[in-house]
Amino acid sequence: MSDRIVSWHGAPSKPLYTPPAGAIDAHCHVFGPMAQFPFSAKAKYLPEDAGPDMLFALRDHLGFARNVIVQASCHGTNNAATLDAIAKSEGKARGVAVVDPAISESELAALHEGGIRGIRFNFLKRLVDDAPKDKFLEVANRLPKGWHVVIYFEADILEELRPFMDAIPVPLVIDHMGRPDVTQGPDGPDMKAFRAFLNSRDDIWFKATCPDRLDPTGDPWDAFAEAVAPLVADYQDRVLWGTDWPHPNMQDAIPDDGHLVDMIPRIAPTPELQRKLLVTNPMRLYWPEEM
Ligand SMILES: O=C(O)/C=C(\CC(=O)C(=O)O)C(=O)O
């Protein structure tokens with residue numbers, strides 16, 4: 001098992017920025033533990049264990065109150081590790097599942113009971129073998145009430161995916177803004193195309209996440225801050241933030257989670273924006289009954 005990878009920082013710094021009370025890390029994952037929750041036979045990467053204890057310790061270290069745990073591709077469509085982490089969170093986590101599109105109504109209801117509030121469609125070829133749009137649409141049409149669909153894609157297939165995404169009858173949440181080239185700046189072609197997409201429906205949300213993945217200039221990720229701050233300001237009622245811990249596949253450029261948190265005031269400079277980004281918006285999607 002020597003090829004299991006570590007993609008997270010062993011001792012992340014304490015952020016200088018203090019998140020508001022009730023702040024939510026709305027994009028993170030758990031890996032295993034493998035002995036209890038084996039990885040999928042189709043997994044494209046095989047990580048070391050990064051289970052709920054580690055996630056909750058990081059949450060506290062960074063000054064967050066809750067997590068939204070997104071099922072990572074290495075666990076395929078078996079959501080047991082994600083559900084286990086939610087169950088251990090004492091109400092402080094909810095999640096997004098990846099499902100076999102043939103999932104039954106009773107299995108969907110069980111996921112809801114376990115704290116799941118959305119499903120994720122992943123279109124990254126390096127992470128999944130196939131992404132059947134017709135089957136995805138079918139299951140998107142029979143989700144439990146209040147759920148949404150999370151979509152992960154890269155900027156070059158945004159237009160190709162438009163008819164499919166337009167047909168999804170529930171809110172959409174786009175991972176990492178659909179991976180724009182942030183070095184093009186706030187008015188570059190990728191950001192322009194993403195804005196046009198956001199303007200097409202008022203129930204498209206996005207995650208202003210992953211400077212480490214999107215900004216080749218590296219920490220302190222100035223290109224990301226410059227490109228993303230105007231997007232957060234202009235769509236402030238439908239933007240989420242998350243660490244992306246344990247940073248799947250980032251083993252060659254592992255980010256310091258404290259520095260990721262310190263990006264928040266650079267993309268959301270006012271206390272009002274920070275409250276929306278970290279508290280109000282994720283609460284509306286994941287804990288609406290508390291609003
Ligand atoms: O964690 C992310 O959002 C991004 C990932 C991993 C991923 O999505 C998955 O494994 O499901 C990536 O770009 O490798």
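Basis of the calculations
Residues numbered from 1 in each chain as written. Predicted model: local features only at pLDDT ≥ 70, side-chain atom pairs only at ≥ 80, totals over all residues. Heavy atoms only, no water. UniProt positions renumbered as here; feature names shortened; annotations may be inferred. Axes fitted to C-alpha atoms, helices over the stretch in contact; angles between N-to-C directions. Helix = DSSP H or I, 4+ residues; strand = E, 2+ residues; numbered from the N terminus. Parallel < 35°, antiparallel > 145°, perpendicular 65-115°, else oblique. Contact = heavy atoms within 4.5 Å. Nonpolar A, V, L, I, M, F, W, Y, C, P; charged D, E, K, R; others polar. Core = buried A, V, L, I, M, F, W, Y, C linked by side-chain atoms within 4.5 Å. Buried < 20%, exposed > 50% of the residue type's maximum accessible area, 1.4 Å probe, protein only. Pairing = 2+ DSSP bridges. Phe/Tyr/Trp six-rings, centres within 6.5 Å; stacked < 30°, edge-to-face > 60°. Lys NZ or Arg CZ within 6 Å of the ring centre and 35° of its normal. Near = heavy atom within 4 Å. Polar contact = N/O pair within 3.5 Å; in protein donor to acceptor, adjacent residues only side chain to side chain. Areas by Shrake-Rupley, 256 points an atom, 1.4 Å probe, with all protein chains shown as cover. Salt bridge = Lys/Arg side-chain N within 4 Å of Asp/Glu carboxyl O.

As annotated in an unreviewed UniProt entry, the chain carries the name 2-pyrone-4,6-dicarboxylate lactonase and comes from Novosphingobium guangzhouense. One UniProt comment on the chain, placed under Catalytic activity (unreviewed entry), says "2-oxo-2H-pyran-4,6-dicarboxylate + H2O = (1E)-4-oxobut-1-ene-1,2,4-tricarboxylate + H(+)". Quoted verbatim from the Sequence similarities (unreviewed entry) heading of the UniProt record, the comment on the chain is "Belongs to the metallo-dependent hydrolases superfamily. PDC hydrolase family."

Peer 1: Is there a simple way to think about the packing of helix α5 (residues 158-166) against helix α6 (residues 189-199) in this case?
Peer 2: Each pair of packed helices can be summarised by the angle the axes make with each other and by the distance between the axes. Contact geometry of α5 with α6 gives a least axis separation of 11 Å together with a crossing angle of 10°. Considered as vectors, α5 and α6 are oriented roughly parallel to each other. Counting all contacts with α5, which are made through Leu158, Glu159, Arg162 and Met165, the residues of α6 involved are Ala193, Phe194 and Phe197. Looking at the contact of α5 with α6, its residues break down into five nonpolar, no polar and two charged.

Peer 1: Honestly, the nonpolar core in this entry has me stumped. Any pointers?
Peer 2: General note: in soluble globular proteins, nonpolar side chains tend to be found buried as a group. Of all hydrophobic cores here, the largest spans 96 residues; its most connected members are Phe121, Val149, Ile151, Met165, Ile174 and Phe206. Those residues in contact with Ile174, other than ones at most four positions away along the chain, are Ile151, Phe153, Met165, Phe194, Phe197, Ile204, Trp205, Phe206 and Lys207.

Peer 1: Explain the sheet that holds strand β4 (residues 116-122) here, please?
Peer 2: Each strand in a sheet pairs with another by means of backbone hydrogen bonds, the pair being arranged parallel or else antiparallel. Reading across the sheet, the eight strands line up as β1-β2-β3-β4-β5-β6-β7-β8 and stay open at both edges, with parallel pairing between neighbours. Single-partner strands in this sheet number two, and they are β1 (24-28) and β8 (239-240). In this structure, strand β2 (residues 66-70) lies alongside strand β3 (residues 93-97), joined through four bridges in parallel fashion. For Asn67, the partnering residue across the bridge sits in β3 and is Ala93. Across the face of the sheet, helix α1 (residues 52-62) comes into contact with β1 and β2 while running at roughly 140° to β2.

Peer 1: Can you walk me through the packing of aromatic side chains in this structure?
Peer 2: Aromatic ring pairs are described here by two measures, namely the spacing of the ring centres and the angle between the planes. For the coordinates displayed, the defined rule picks out twelve aromatic pairs. Centre to centre, the rings of Trp8 and Phe31 are 6.2 Å apart; their planes meet at 55°, and the pair counts as tilted. Of the two residues, Trp8 is situated in the segment before β1 and Phe31 in the loop between β1 and α1; the sequence distance between them amounts to 23 residues. Note that Arg66 overlies the ring of Trp287, its terminal NZ or CZ placed 4.7 Å from the centroid.

Peer 1: Explain the site of the ligand to me, please; I cannot follow it from the model alone.
Peer 2: Taken together, 16 residues form the shell around the ligand, and within it His29, Tyr45, Ser73, Tyr152 and His176 come nearest. Contact between the ligand and Arg213: an oxygen atom at 3.2 Å from a side-chain N or O atom of the residue. The fraction of the free accessible surface of the ligand (350 Å²) that becomes covered by protein chains is 100%.

Peer 1: Which parts of the structure should I look at to understand the pattern of salt bridges?
Peer 2: Where charged atoms of side chains with opposite charge meet at close range, the side chains can pair. The full count for this structure, using the stated rule, is 18 salt bridges. In this structure, Arg142 and Glu138 form a salt bridge, with 2.9 Å as the shortest nitrogen-oxygen distance. When its relative accessible area of 40% is taken as the criterion, Glu138 is described as partly exposed. Residues Asp203 and Arg201 are paired through a salt bridge, measuring 2.7 Å at the closest nitrogen-oxygen approach.

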